Amino acid sequence: MPATMTKGRVPMEIKKLSISAKRQITIPQKFFTMLGFDTEAECTVRGNELVIRPARTNTGGEFAEQILADLIARGYNGNELLERFKKAQGQVRPAVEAMLADAEQAASSESGHISYEDVFGAEDEE
């Protein structure tokens, strides 16, 4: 039976897992279902914690139109446009994950206080 703890205001369920000789674990069915796992998981090291969560299928495609419009406005076309687009699209997810990590850290009061500029950066002055 999972133990329940509280981190800040967020209740956490904890269950001790066995690790096989091949370094494999089994995600408890309740956690698997509750978190919406399917066939893939993401594994991240955060400090001294190993975080396993459902793999995200969203790869930053929601920003594709804005990225493309910006690159075209800058005058890129052809293969150069394609290469710049791939590079820009690849930077979306790490940037969003960094913002979410900063927000999570601020929410758990690990960093004291954090400003809008700390999370989103200073607005460009034009």
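Examining the overall build of the protein
Now for step 1: Across its full length, the protein holds four helices and four strands.
Now for step 2: If you list the helices and strands of the protein from N to C, you get β-β-α-β-β-α-α-α.
Now for step 3: Per-residue burial for the protein yields a buried fraction of 13% across its 126 residues.
Now for step 4: For the protein, long-range pairs separated by at least 24 residues make up 20% of all intrachain contacts whose partners lie at least 6 apart in sequence.
Now for step 5: Carbon and sulfur atoms make up 54% of the accessible area of the protein, which totals about 10600 Å².

What to know about the nonpolar core
The nonpolar side chains of a soluble globular protein tend to be buried, and buried together.
Now for step 1: Ranked by size, the top nonpolar core spans seven residues in total: Ala-64, Ile-67, Leu-71, Tyr-76, Leu-81, Phe-85 and Val-92.
Now for step 2: Aside from chain neighbours lying at most four places away, what touches Ala-64 is Phe-85 and Gln-89.

Observations concerning the pairing of strand β4 (residues 49-54)
Now for step 1: Summarising the sheet, strand β3 (residues 41-46) and β4 pair through six bridges and their orientation is antiparallel. Counterpart to Cys-43 in the pairing with β4 is Ile-52.
Now for step 2: Between the end of β3 and the start of β4, which pair antiparallel, lie two residues, with Gly-47 showing a positive phi angle near 65°.

Observations concerning helix α2 (residues 64-73)
One turn of an α-helix holds 3.6 residues; hence residues three or four places apart share an orientation.
Now for step 1: The complete set of buried residues in α2 reads Ala-64, Ile-67 and Leu-71. Across the axial projection of α2, the buried residues extend over an arc of 70°, all falling on one side. Away from its buried face, by an angle of more than 90 degrees, α2 presents the exposed residues Glu-65 and Ala-73.
Now for step 2: Immediately beyond the C-terminal end of α2, within one or two residues, lies Gly-75, with a positive phi of roughly 95°.

Remarks on the packing of aromatic side chains
Now for step 1: This structure, assessed with the given rule, holds one aromatic pair.
Now for step 2: Plain terms: the ring middles of Phe-32 and Phe-37 are 5.6 Å apart, the flat faces sit at 20° to each other, and that makes the pair stacked.

Let's talk about the environment of Glu-40
Now for step 1: By secondary structure assignment, the location of Glu-40 is in the loop between α1 (29-35) and β3.
Now for step 2: Residue class for Glu-40 comes out exposed when judged on its relative accessible area of 57%.
Now for step 3: Between the C-alpha atom of Glu-40 and that of Pro-54, which follows or precedes it by 14 residues, the distance is 6.4 Å.
Now for step 4: Glu-40 has contacts with Pro-54 and Ala-55, leaving out every residue within four places of it along the chain.

Quick notes on the pattern of salt bridges
Now for step 1: A full pass over the atoms with the stated rule returns four salt bridges.
Now for step 2: Salt-bridge contacts for Arg-53 lead to Glu-42; the nearest nitrogen and oxygen are separated by 3.0 Å. Taken together, the residues span a long stretch of sequence, with Arg-53 in strand β4 and Glu-42 in strand β3 at a distance of eleven residues.

Procedures and definitions
- Residues numbered from 1 in each chain as written.
- Predicted model: local features only at pLDDT ≥ 70, side-chain atom pairs only at ≥ 80, totals over all residues.
- Heavy atoms only, no water.
- Helix = DSSP H or I, 4+ residues; strand = E, 2+ residues; numbered from the N terminus.
- Buried < 20%, exposed > 50% of the residue type's maximum accessible area, 1.4 Å probe, protein only.
- Contact = heavy atoms within 4.5 Å.
- Areas by Shrake-Rupley, 256 points an atom, 1.4 Å probe, with all protein chains shown as cover.
- Core = buried A, V, L, I, M, F, W, Y, C linked by side-chain atoms within 4.5 Å.
- Pairing = 2+ DSSP bridges.
- Arc of directions from axis to C-beta.
- Phe/Tyr/Trp six-rings, centres within 6.5 Å; stacked < 30°, edge-to-face > 60°.
- Salt bridge = Lys/Arg side-chain N within 4 Å of Asp/Glu carboxyl O.

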